[in-house]
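Notes for the structure review
Read off the chains here:
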Amino acid sequence: MREAEDRLSGQFARALAGDAAAYREFLAGLGALLRGFLRRRMERLPDDIEDLVQETLLAVHNQRHTYDPGQPLTAWVHAIARYKLVDFLRRRGTRQALDQPLDDEEEWLHAPESEAMGTKRDLAALLARLPERQRLPIVHMKLEGLSAAETARRTGMSESAVKVGVHRGLKALAALIREDA
Amino acid sequence: MKTDALISMLATGAGAPDRGVARRRFALALGFGATATLLLMVALMGVRPDLPRMAQAPMFWAKLAYCATLATAALAVAARLGRPGARAAGLAGALALPLLAMWLLAAVSLYGTAGAEREALVFGTTWRACAFSIAFLSLPLFAGLLWAMQGLAPTRPALAGAAAGVLSGAAAALFYSLHCPELGAPFLGIWYPLGMLIPAAAGAIAGPRLLRW
């Protein structure tokens, strides 16, 4: 388990320094562990597991500036996953999974990694509902992989407006997910 | 959208996140909030004309230090509560220290005072207005700090809101000290914390609604 944590911590540290490839590996490894964790916690809601994996990954991305490098990654991820799980169950009006305490910070690290499943929610459809000044920067920069400068040229927005649009758009996407459920 | 596609989208062009957001937001909230609170106090209550004379009393400085240490401890707790998984319990103990010190002073001064005068130490002349004045003055700071907290990710929103409330109350009490005539430790140990508890309670109620993410 130390191994998994060390690997993820290393990837995350590089990601926070701007290494996109390390970040991709980090999110993939984290997603597989979160899926195993949620699978155990949501036995009666199997169809919602992948949606919550996606919601939690988006939260990790949107809140990655709140991670303090002096802090154990385990505790940070646990607090986010727990918050999102409790929030989801509350929206659903069920307290299932909460019968057992959620205090073990390492629980998600011990979970067997598992393969992606189908989702009920389509994030692409939610993305389409964002206003243009957020949607276009996300489509060009995050989906087509264009640079901020190129995106600015195509949309007629300024470079800083493009960056703000991506940032706010992903936060707005998380808010749409909360309303959607 | 499949999870792989989501991961790819999140990672593409991700770059280094701006880690200074929290510090900047708290600095802005405290800067603008404190200015607005000071202006409110000066305009609606006024600085004491006998402030220079009052400043010769050690208890006046103890009062300022009391408010300032409470505000500092509350700021540290609030900043921690904004970060998922950060521990705040130990720091919350730091919040109790100035309170305990003031209560100790209060016990000593009450012990050394005869019956009839004790009442004056507890109620002073302004006990009716004190807590509400502090709560009122805390409003701009309170609003600013909740906004600052929205830039972070509190996983215990009621506690985070309460910490923002205590911080706004303690900072407001610091400015209120320039208007307030009271120097009795029992007074400061009761009515000042009560004034901070009002925004704290408001924060505990507002937190779960305003601090979702």
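Conventions and cut-offs
The numbering scheme is per chain: residues are counted from 1 as the chain's sequence reads. By the order in which they are written, chains take letters starting at A while ligands take numbers starting at 1. Only residues with pLDDT of 70 or above have their local features reported here, since the model is predicted, and side-chain atom pairs are shown and tallied only from 80 upward, although totals for entire chains, interfaces and linings are computed over all residues. Here a helix means four or more residues in a row that DSSP labels H or I, a strand means two or more in a row labelled E, and each is numbered from the N terminus. When we talk radius of gyration, it's over C-alpha atoms, and the globule rule is simply 2.2 Å times the number of residues to the 0.38. Residues with at least 20 neighbouring C-beta atoms inside 10 Å of their own are called buried, those with 12 or fewer are called exposed, and the rest are partly exposed, where every C-beta is derived from the backbone. Note that contacts rest on C-beta atoms placed from the backbone: two residues are in contact if these are within 7 Å. pLDDT is a residue-level measure of predictor confidence that goes from 0 to 100. Domain delimitation in this document rests on an assignment produced automatically or drawn from a domain database. Think of it as three bins: nonpolar holds Ala, Val, Leu, Ile, Met, Phe, Trp, Tyr, Cys and Pro, charged holds Asp, Glu, Lys and Arg, and polar takes everything else, Gly as well. Orientation is described by lines fitted to C-alpha atoms, with helices fitted over the stretch in contact, and by angles between N-to-C directions that extend from 0 to 180 degrees. Angle categories: roughly parallel below 35 degrees, roughly antiparallel above 145, roughly perpendicular from 65 to 115, and oblique for all the rest. Note on definitions: a nonpolar core is a set of buried residues drawn from Ala, Val, Leu, Ile, Met, Phe, Trp, Tyr and Cys, linked by C-beta atoms within 7 Å. Multiplying 1.5 Å by the residue count of a helix minus one yields the expected span of that helix.

Tallying secondary structure elements over chain A gives 9 helices and 0 strands in all. Taking 16 Å as the expected radius of gyration for a compact globule of 181 residues, we find that chain A reaches 17 Å, a close match to that expectation. Overall size of chain A, expressed as C-alpha extent along the three principal axes, is 50 × 35 × 25 Å. In chain A, buried positions account for 39% of the 181 residues. A separation of at least 24 residues holds for 65% of the contacts in chain A among residues at least 6 apart in sequence.

To continue, consider the confidence of the model for chain A. For chain A, per-residue confidence averages 91 on the pLDDT scale, and residues scoring 70 or more make up 96% of the total. Helix α5 (residues 107-110) of chain A is the least confidently modelled element of chain A, averaging 86 in pLDDT, while helix α3 (residues 49-62) of chain A averages 96, the highest of any element.

Residues and elements named next belong to chain A. Per the domain assignment, the segments of chain A are domain 1 (2-119) and domain 2 (124-180). Counting from both sides, the interface comprises 5 residues of domain 1 and, opposite them, 5 residues of domain 2. Of the residues belonging to the side of domain 1 that touches domain 2, the class tally is 2 nonpolar, 2 polar and 1 charged.

Each partner contributes to the interface: chain A provides 36 residues, whereas chain B provides 30 residues. Of all the secondary structure elements, the ones that give two or more residues to the side of chain A that touches chain B are α2 (20-41), α3, α4 (73-92), α6 (123-127), α7 (132-143) and α9 (159-180) of chain A. When its residues are assigned to classes, the side of chain A that touches chain B shows 19 nonpolar, 10 polar and 7 charged.

At a minimum axis distance of 10 Å, the contact between α3 of chain A and helix α1 (residues 3-11) of chain B shows a crossing angle of 5°. Judged by the angle between their axes, α3 of chain A and α1 of chain B are roughly parallel. Contacts from Glu50, Val53, Gln54, Leu57 and His61 of chain A of α3 of chain A reach α1 of chain B at Thr3, Leu6, Ile7 and Leu10 of chain B. Partitioning the contact of α3 of chain A with α1 of chain B into residue classes produces 5 nonpolar, 3 polar and 1 charged.

All names here are of chain B. Counting 56 residues, the largest nonpolar core has Ala74, Ala78, Ile134, Leu145, Ala163, Leu167 and Ala170 as the members making the most contacts within it. Every element with two or more residues in this core is listed here: α2 (21-44), α4 (58-81), α5 (89-111), α7 (127-137), α8 (139-150), α9 (157-176) and α10 (185-210). In terms of residues, this core owes the most to one element, α9, which gives 13 residues. Not counting chain neighbours up to four residues away, the residues in contact with alanine 74 comprise Leu95, Ala163, Val166, Leu167 and Ala170.

Another point: α8 of chain B. Helix length check: α8 of chain B (12 residues) gives 17 Å between terminal C-alpha atoms against 16 Å at 1.5 Å per residue, within 8%. Buried positions along α8 of chain B lie against α2, α4, α9 and α10 of chain B.

Secondary-structure assignment places proline 84 of chain B in the loop between α4 and α5. Using a count of 27 C-beta atoms within 10 Å as the deciding quantity, one classes proline 84 of chain B as buried. With 70 residues separating them in the primary sequence, proline 84 of chain B and proline 154 of chain B have C-alpha atoms 6.1 Å apart. Excluding its chain neighbours within four sequence positions, the residues that come into contact with proline 84 of chain B are Gln63, Thr66, Trp76, Ala79, Ile80 and Tyr83 of chain A together with Ala153 and Thr155 of chain B.

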